[in-house]
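# Reading the structure
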Amino acid sequence: MSAPAVPVAPAAPAAVPGPPRLAAADMAARLTVPFARGADRLRLVVRGTAVAPYDFQLHTAQFGVTPRPLYILQARQDVPAGTTVTLGVRGGPALSLPVPDGLTAGTSVPLPDGTGILTGIQSALAGPQEDWWQLTALLGTMGRLLWAVGWERDHLRRQLSRTAAQRTVAHAFGIHLDRNGAGLGVVRAPGETDDAYRRRLTVARRWTLPTPAGLLAALNDAVGPVDGVADPLVLDDTDAELRRGLLPLRVAPLDLPPGQSVDLLGTVGTDLPRPPVEEVFHPGLLVALSPFAAESRPLPGTPDPLLVQPVVAAAIARLNLFASRSVVHAGYDPRATDARATGRAVLLSHDTIPTERIAALAHWSGFDLVTHRTDGLAYAECAPGELLGMETGDGTLPVDGTTTLSVRPLTPPPGSLVRWYVLRGGAGRAELVGPTEGSSVVLRGKAAGRVVVVAELRLADLTASATREIVVRPVTLADTTAIGADGTLDPAPPPPMPPGEGLHPAFLVRHDDPAHAEYGTDAETHRMRREVAEHLDALIALLPPATTGKLAVRRDLSTTASPLAKEARELRLSHPGLPPGTLGALAHRAGFSYVRVAGGVVTVSQEHRDPVRVTAPGIFRDVLPIGTTVPLTVTPSPAEIGAAGVLGWSTGDGAATLLTTAPGAMSVRGEHGGPAWVQASYRMGDRTGAYQFTVRLRPELAGHTLPPATRTLIVRLLDDLRPLGVEVVTRLLPGGNP
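These notes cover the structure that comes with them. Here the structure is a predicted model, which is why all the values come from computation and not from measurement. (Residues numbered from 1 in each chain as written. Predicted model: local features only at pLDDT ≥ 70, side-chain atom pairs only at ≥ 80, totals over all residues. Heavy atoms only, no water.)

Strand order in the open sheet formed by 4 strands is 22-28-27-24, and the pairing between neighbours is mixed. Edge positions in the sheet fall to strand 22 (396–398) and strand 24 (417–424), since each has one partner strand and no second. Adjacent strand axes in the sheet meet at a mean angle of 30° when their direction is disregarded. Of the pairings in the sheet, the one linking strand 27 (residues 449–459) to strand 28 (residues 462–473) comprises 11 bridges and is antiparallel in character. (Pairing = 2+ DSSP bridges. Helix = DSSP H or I, 4+ residues; strand = E, 2+ residues; numbered from the N terminus. Axes fitted to C-alpha atoms, helices over the stretch in contact; angles between N-to-C directions.)

Moving on, we get to unusual backbone geometry. Between Asp304 and the following residue, Pro305, the backbone shows a cis peptide bond with an omega angle of 10°. Within the element layout of this structure, Pro305 appears in the loop between strand 15 (294–296) and strand 16 (307–308). Arg408 connects to Pro409 through a cis peptide bond whose omega is 5°. With respect to the secondary-structure elements, Pro409 resides in the loop between strand 23 (402–408) and strand 24. The backbone of Asp400 sits at a positive phi, close to 70°, despite the residue not being glycine. Tracing the backbone shows Asp400 in the loop between strand 22 and strand 23.

In this sheet, strand 35 (residues 594–598) lies alongside strand 29 (residues 481–484) in antiparallel orientation, the contact comprising 4 bridges. The residue of strand 35 that forms the bridge with Thr481 is Val597. Summarising the sheet, strand 35 and strand 36 (residues 601–605) pair through 5 bridges and their orientation is antiparallel. Across the sheet, the residue bridging to Ala598 is Val601, located in strand 36. Taking the residues between adjacent antiparallel strands as the criterion, strand 35 and strand 36 are bridged by 2 residues, where Gly599 takes a positive phi near 60°.

The buried count for strand 27 comes to 8 of 11 residues, which makes it a mostly enclosed element. As paired strands, strand 24 and strand 27 are joined by 8 bridges and run antiparallel to one another. The residue of strand 27 that forms the bridge with Trp420 is Ala455. Between the end of strand 27 and the start of strand 28, which pair antiparallel, lie 2 residues, with Ala460 showing a positive phi angle near 55°. (Buried < 20%, exposed > 50% of the residue type's maximum accessible area, 1.4 Å probe, protein only.)

As structure tokens, then:
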């Protein structure tokens, strides 16, 4: 006899996602009672493919008017591209609404104005429609306005959520999923879909690697006591100190063929996205090109003189560094169908440089989009920038000194008003002297440091501003006074390096300028950190030419010297022809992190920086042409470091590769357009590098030699048990081969 059937409870229905937030509703909740009618709304109920019956009698009874609703269709989930929603309307034909591509959870679209009572909703999306859609009726004008204002907020809320989710394998997609895989060392196979690749990455994340403690316990258990010492082996995975230097690069095309375009990141193609358009514009804010930067040669029918926005004038000035005296044939032209209509683009050529090269050089100079036109001219466009320019001289002024600031154009449009402001963001202080309105003002320095000056132009409903940082520098420092790099008085000096991370003497440089400085009798005073030597050069360059005598440079070499002096990051300076306060102010201006005047001596010290420098002498302004290979130089050289460190090279971002072109020589090659970097690093001491660990005997077994069989056993166990991709260093195990 079979057992009686046991009743099974029906499965609980899947939970319906909660209603998504709507910015218009959030804002409406903060309105006062007089705005209640205009901000009133009705959330409709969707069940399956039906819209539950509803009416607006409550609104009519409460406010005495019949509403004219605007329906908002809001996505509860990210909607696939190409989706169409069909809505049933009482007493009328069904409404077919193609949903915009990229409609994400929480974002919304309006139904056509005048849509009647809704009765149903259908789409090709699987499952109940209430899992996908939320319908809301906005019953007043205020609600419509709030929806228009809040749509971008709804969109940004979802985009922020999606951006944060890219950190996880479960939610990442496309190139973001590839970056998750790169962190695990798992590369996507050609043609592999996101779903298949995500499955592999999920498995990879579950890998269990042996821990150092577990691996060491297994080794000691297998080897047993050695010479009466239990647990004779020690595993050390402490990384060696790295001394690094980084060279940022921008890989760019050397030539741009006819019909091709290149964007700011170096992507070359025929149909690249255009930079965004400006929200406001006024032709009265355009500036004339400097005749020193480019030659104006307008095309027939092109407005003359050639006017451009300030951002374009700055890019033309940079282009002059690569190709002096380029020719500009067209600038602002209100009849143009491209960015020349607002002065954000120009047409270029050069009398001696082919157009394919001048177009590439325009890209090097920072234009956001460059096209080699088929008529032989280069079209160069900038993204919107400041409409208002500002002239600040060298960007500095002394305490109690003045400088004149002016806007560009110097003559603003008729009817406009320019107001000036000084913002305090640190130790610096400055004030406007005289009128604070007009095309130019006078600024007086009050305290050392940085200040921000803002010029704001208003013309009817147009507002344009220019913002610049001004450095106020001291003229003298009082005795027993210190100053930081940002102008803060009496700050704490730079901290010393952590214990055990002292800099090797090979990283010091020799400073020797006998024409302007004397170093005393100890030759070691000449040796200092590279960053200290660079600022010392800057100080010597600032010394007044007519000053009598030489700068006295001293470094405290005594046993009681400060930690910074022992690290060669601190000097004591004096000058027979300059008061200490004046010399201290010049040292601050030269860029030292910390300057102190006391007892007739100026003490300068510098923040710690990476002591390695990487250069590529064959390139200009860090631009590496595609297909070009240039040698790299590292300072100090491996010969100068000697046995104290091991040099390693690395690069990233994929736009460049490293090549060994000769024994001991390294070069970099540009592969495709985009940002790149090259790093040189010295691994100091005898410790291991990344992805390495060392196995050795305990200190109490110093001098003991392992039997060959025991050492072979250890090496074989390490080969079996070591984590994949990790190198084991056994050279410190005595006996046998390394």
